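Examination of the molecular architecture
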Amino acid sequence: MLLVAAHYLLDVTWGLRAAVGLLLATVVLRWGIASIRPLQAGAKTYEPVDVVEPDGVPVYSCKECGTQVVLLRRGSDKAPRHCGEAMAFTVVPES
Ligand SMILES: [Zn+2]
């Protein structure tokens, strides 16, 4: 009787371990796929158009390192990224 109970408990633990293992594998896999998704190239929203700002030069700035990029042609409304973050758009007056 004791042996049967021990055998049953062992089966339960193995079943539990397998279930927890499967659950963990699913969570890790989902997290991995979700973390890769932002790295994929964003779809273009339209054909590139020249950027004309009457008040100055269209500039994207990185908030982390200070890199500035002048925007000449726009192919998407999404901001370019630098240091892992979206760059901030400003129009710098021409001097
Ligand atoms: Zn940067």
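Residues numbered from 1 in each chain as written. Predicted model: local features only at pLDDT ≥ 70, side-chain atom pairs only at ≥ 80, totals over all residues. Heavy atoms only, no water.

1. Some points on the sheet that holds strand E7 (residues 88-92)
If you trace the 3 strands from one edge of the open sheet to the other, you get E3-E2-E7, paired in antiparallel fashion. At either end of the open sheet lies a strand with only one pairing partner, and these are strand E3 (68-70) and E7. Neighbour to neighbour, the strand axes of the sheet diverge by 35 degrees on average, direction disregarded. Sheet topology note: the strand E2 (residues 57-61)/E7 ladder contains 5 bridges and is antiparallel. (Pairing = 2+ DSSP bridges. Helix = DSSP H or I, 4+ residues; strand = E, 2+ residues; numbered from the N terminus. Axes fitted to C-alpha atoms, helices over the stretch in contact; angles between N-to-C directions.)

2. Observations concerning the pattern of salt bridges
Summed over all chains, the structure comprises 1 salt bridge. A salt bridge links Asp50 to Arg73, with the nearest nitrogen and oxygen atoms 2.6 Å apart. A residue pair is termed long-range when its members are at least 10 positions apart, and Asp50 in strand E1 (residues 49-50) and Arg73 in strand E4 (residues 73-74) qualify at 23 residues. Classification of Asp50 as exposed rests on a relative accessible area of 55%. (Salt bridge = Lys/Arg side-chain N within 4 Å of Asp/Glu carboxyl O. Buried < 20%, exposed > 50% of the residue type's maximum accessible area, 1.4 Å probe, protein only.)

3. Considerations on the coordination of the zinc ion
Distances from the zinc ion to its protein donors, Cys62 (SG), Cys65 (SG), His82 (ND1) and Cys83 (SG), fall at 2.0 to 2.4 Å. Coordination geometry of the zinc ion: the 4 donor atoms subtend angles of 102 to 114 degrees at the metal centre, consistent with an arrangement described as tetrahedral. Each donor residue of the zinc ion belongs to the same chain, and together they define the spacing C-x2-C-x16-H-C. Look at Cys62 and you get buried, because its relative accessible area is 6%. Residue classification places Cys65 among the partly exposed positions, given a relative accessible area of 44%. (Donors = N, O, S within 2.8 Å, 3.2 Å for Na, K, Ca; no water. Tetrahedral: all angles 85-135°; square planar, octahedral: opposite > 155°, others 65-115°.)

4. Describing unusual backbone geometry
The backbone of Cys83 sits at a positive phi, close to 55 degrees, despite the residue not being glycine. On the basis of relative accessibility, which here comes to 48%, the residue Cys83 falls in the partly exposed class.

5. Describing the nonpolar core
Membership of the largest hydrophobic core is limited to 5 residues, which are Val51, Tyr60, Cys62, Leu71 and Met87. For Met87, the contacting residues outside a window of four places in its chain are Tyr60, Ser61, Cys62, Thr67, Val69, Ala79, Pro80, Arg81 and His82. (Core = buried A, V, L, I, M, F, W, Y, C linked by side-chain atoms within 4.5 Å. Contact = heavy atoms within 4.5 Å.)

6. Let's talk about the packing of aromatic side chains
Across all of its chains, the model carries 1 aromatic pair by this definition. Directly above the aromatic system of Trp14 lies the positively charged group of Arg17, at a separation of 5.2 Å from the ring centroid. Over the aromatic face of Phe89 sits the side chain of Arg74, whose NZ or CZ is 5.7 Å from the ring centroid. (Phe/Tyr/Trp six-rings, centres within 6.5 Å; stacked < 30°, edge-to-face > 60°. Lys NZ or Arg CZ within 6 Å of the ring centre and 35° of its normal.)

Everything listed is a geometric property; what it means functionally is a separate question.
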